Amino acid sequence: MTRLELRDVRKSFGALEVLADISLHVGEGEFVSILGPSGAGKSTLFQLLTGAVRGEGEMRFDGVPLDDHGSRFAFMPQRDALMPWRRVIDNAALGLEVQGMRRRAARERVAPLFAEFGLAGFERAWPAELSGGMRQRVALLRTVVQARDMLLLDEPFGALDALTRAAMQRWLEGMWRGHRWTALLITHDVREAVLLSDRIYVLSARPARVISEIPVPLPRPRTEGAALAREAAAIEAGILDTLLGATNSRPFDGEAK
Amino acid sequence: MSLPRSRQPRRLGTAFARTIPAVISLALLIAVWELYARFGGIAPTVLPAPSRVLQQAWENRAALAENTLPTIRATLAGFACSLVAAFVLSALVDFAPRLRRALFPILIASQTLPLVAIAPLVVLWFGFGLLPKILLVALVTFFPMMVALVEGYAATQKEIAEMLAAMGAGRWRIFRSARLPSALPYFFAGLRVSITYAVVGAIFAEYAGAAKGLGIYMLSAKNNFRPDLVLAAVTISSALTLMLFGLAVLIQHLAMPWERAGREDGQKSSTEGGR
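Residues numbered from 1 in each chain as written. Chains lettered and ligands numbered in written order. Predicted model: local features only at pLDDT ≥ 70, side-chain atom pairs only at ≥ 80, totals over all residues. Heavy atoms only, no water.

A. Up close: the overall build of chain B. Counting its regular elements, chain B contains 12 helices and 0 strands. Along chain B, helices (α) and strands (β) appear in the sequence α-α-α-α-α-α-α-α-α-α-α-α when read from the amino end. A globule of 275 residues ought to have a C-alpha radius of gyration of about 19 Å, yet chain B, at 23 Å, is considerably larger. Seen through its C-alpha atoms, chain B measures out along the principal axes to roughly 75 × 60 × 30 Å. Considering chain B as a whole, with its 275 residues, one finds that 40% of them fall into the buried category. The contacts of chain B with a sequence gap of at least 6 include a subset with a gap of at least 24, amounting to 74%. (Helix = DSSP H or I, 4+ residues; strand = E, 2+ residues; numbered from the N terminus. Rg over C-alpha atoms; globule rule 2.2 N^0.38 Å. Buried < 20%, exposed > 50% of the residue type's maximum accessible area, 1.4 Å probe, protein only. Contact = heavy atoms within 4.5 Å.)

In structure tokens:
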């Protein structure tokens, strides 16, 4: 069942055309990635979805136009965006408080989830006392606890070191298997996209358009077995060819405008 | 991870140890002053020795106390008004940036006024009561806090504001949950600066005209050729300022426990790395 559907979505900032004709869809319980070069306008797409900016084209959720912005999505930004002045549990509960829940009730809602997110015992800690990976887990907890229809993940592991990032990708894959969130991930990390996604949309450089839609029919969990790794590597190579081929044939002519 | 609670006493100890150089240099200064005043052949009506200042302060303690209280009252009342005004105006400016362009030139101009000239005028306009003192204290303390708050709001991490908006938070919610807490470190920096002006502002106002107060006390002591009593009043006003400054640091310490958490962590890793 299709939940999110975008058709011919475009966005320009003045004369700068950022998104040119984006069409995509995300089904119920599906993990979809948007993969593109840096500066391709991937984050602009999320801003359109959350209502931070307005564009042209059709955006529907469950067949209904996305006018009532924000209520459908829980958004996880690039950096963890934890508030240093809130304890970890209150950071996790922030979305519930914004929804109007009392702080105590919000805490009671998030507290049981700390163990599953590997954060047990850190409820009363300050964000400054956590490692980068833990901070990112708090950010994901803060996102999923909002119980929205769909998760928007904007390069959630982009700021982590390579080793922590690999660990977090595996961890997220495990979490997703348990929960089957409907999720849209923005990334420029090909391996991350292949590891996590059911389908991948590959975007061109700016102005961004969908140049390829790639299904990832690999069984889960995806972290086990050499055969699986070989298949994943083949898909990764294909995507890289598509991406590099596309950017090479049109070397940044979009930027000059 | 162990929460480094047990470090509190030792940190207090190191803070104490850190003040020792300051205490020594101050003691030296006073000693030199004492010796020079006693054996330099200078009349005590020109430069009294510290011991004389202390002794005269004790003898005149009733008058000094009687004049200190109004100064404290004016300082605190003026500073409270200034604090409220800084919060209200900075919030207004944050919500309506156009207001900022309208207000800031006036506020900056207000900081260029020479206090010596303006204090008698304010007394002339508003009388010898508490009001002109409140106004003058507010005038000298308001600006650093206002600027600090406005800059602090602007220092809010963009991702946090965007995330709150995506959660459905309105402007007021974003202000309360993100912009105001983000401004706290800036605010306390501004507070520490402006609190040191507060007592001086009150004394200036009293100097220009008052029934009671350290300012008017200093003036009449000077006119009576009593520099020892002037210096006694000066010592009291310095002590007041230092106490207010200490109070500001204490409040900052209590208001921002997360700052401590970050710093203690850093200290812990650096000391453990050193071993």
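Read on for the rest.
B. Focus on the overall build of chain A. Of regular secondary structure, chain A possesses 8 helices and 10 strands. Against the globule reference of 18 Å for 257 residues, chain A gives a C-alpha radius of gyration of 18 Å, in line with a compact fold. Dimensions of chain A, computed from the C-alpha atoms along their principal axes, are close to 55 × 45 × 35 Å. Counting all 257 residues of chain A, 53% fall into the buried class. Long-range pairs, those at least 24 residues apart, make up 67% of the contacts in chain A with a sequence separation of at least 6. Counting only carbon and sulfur atoms, one obtains 51% of the accessible surface of chain A, whose full area is about 11000 Å². The positive charge centre, built from 34 side chains, and the negative charge centre, built from 33, are 5 Å apart in chain A. (Areas by Shrake-Rupley, 256 points an atom, 1.4 Å probe, with all protein chains shown as cover. Lys, Arg positive; Asp, Glu negative; His and termini not counted. Charge placed at Lys NZ, Arg CZ, Asp CG, Glu CD.)

C. A look at the interface of chain A and chain B. Counting residues at the interface gives 24 residues for chain A, matched by 22 residues for chain B. Between chain A and chain B lies a buried interface of about 2100 Å² when both sides are counted; carbon and sulfur atoms form 68% of it. Of all residues in chain A, Trp85(A), Val98(A) and Glu129(A) bury the most surface against chain B, accounting for 32% of the area lost on that side. Run the count over chain A and chain B and you get 2 salt bridges. With a closest N to O distance of 3.2 Å, Glu159(B) and Arg79(A) form a salt bridge. (Buried area = accessible area lost by both parts, 1.4 Å probe. Salt bridge = Lys/Arg side-chain N within 4 Å of Asp/Glu carboxyl O.)

D. Structural context of the domain arrangement of chain A. All names here are of chain A. When cut into domains, chain A gives domain 1 (2-72 + 149-249) and domain 2 (84-147). Its C-alpha centre places domain 1 at a distance of 25 Å from the equivalent point of domain 2. Opposite the 13 residues of domain 1 that make contact, domain 2 presents 10 residues. The tally of links from domain 1 across to domain 2 stands at 0 salt bridges. The interface formed by domain 1 and domain 2 includes 2 residue pairs in polar contact (both at pLDDT 80 or more). Of all the elements in the fold, those that place two or more residues in the side of domain 1 that touches domain 2 are strand E7 (150-154) and helix H6 (162-179). At 6 residues, H6 tops the list of elements feeding residues into the side of domain 1 that touches domain 2. Tallied by class, residues from the side of domain 1 that touches domain 2 come to 10 nonpolar, 2 polar and 1 charged. (Domains from an automatic or database assignment. Polar contact = N/O pair within 3.5 Å; in protein donor to acceptor, adjacent residues only side chain to side chain. Nonpolar A, V, L, I, M, F, W, Y, C, P; charged D, E, K, R; others polar.)

E. How the structure looks around the sheet that holds strand E8 (residues 183-187) of chain A. All names here are of chain A. Here 6 strands make up an open sheet; going across it, the order is E6-E7-E8-E3-E9-E10 and the pairing mixed. Only two strands of the sheet have a single neighbouring strand rather than two, namely strand E6 (73-76) and strand E10 (210-215). Along the sheet, successive strands turn relative to each other by an average axial angle of 15°, direction set aside. By the bridge criterion, 4 bridges tie E7 to E8 in an arrangement that is parallel. Counted as the bridge partner of Asp154 is Ile186 from E8. (Pairing = 2+ DSSP bridges. Axes fitted to C-alpha atoms, helices over the stretch in contact; angles between N-to-C directions.)

F. Region of the structure containing the sheet that holds strand E5 (residues 64-65) of chain A. Residues and elements named next belong to chain A. Across the sheet, which stays open at both edges, the 4 strands sit in the order E2-E1-E4-E5 with antiparallel pairing between neighbours. Each edge of the open sheet carries a strand with a single partner, namely strand E2 (16-27) and E5. By the bridge criterion, 2 bridges tie strand E4 (residues 56-61) to E5 in an arrangement that is antiparallel. Within E5, the position partnered with Arg60 by the bridge is Pro65. Each of strand E1 (2-13), E2 and E4 touches helix H1 (residues 42-50); the most contacted strand, E1, lies at about 115° to it.

G. Just H6(A), in detail. All names here are of chain A. In this model H6 runs 25 Å from its N-terminal to its C-terminal C-alpha over 18 residues, within 8% of the 26 Å that 1.5 Å per residue would give. Within H6, the full set of buried residues consists of Met168, Gln169, Leu172, Glu173, Met175 and Trp176. For H6, the buried positions fall inside an angular range of 170° around the axis, keeping them on one side. When the buried face of H6 is taken as reference, the exposed residues oriented beyond 90 degrees from it are Leu163, Arg170 and Gly178. The first or second residue beyond H6 is Arg180, which carries a positive phi of 55°. (Expected span 1.5 Å × (residues − 1). Arc of directions from axis to C-beta.)

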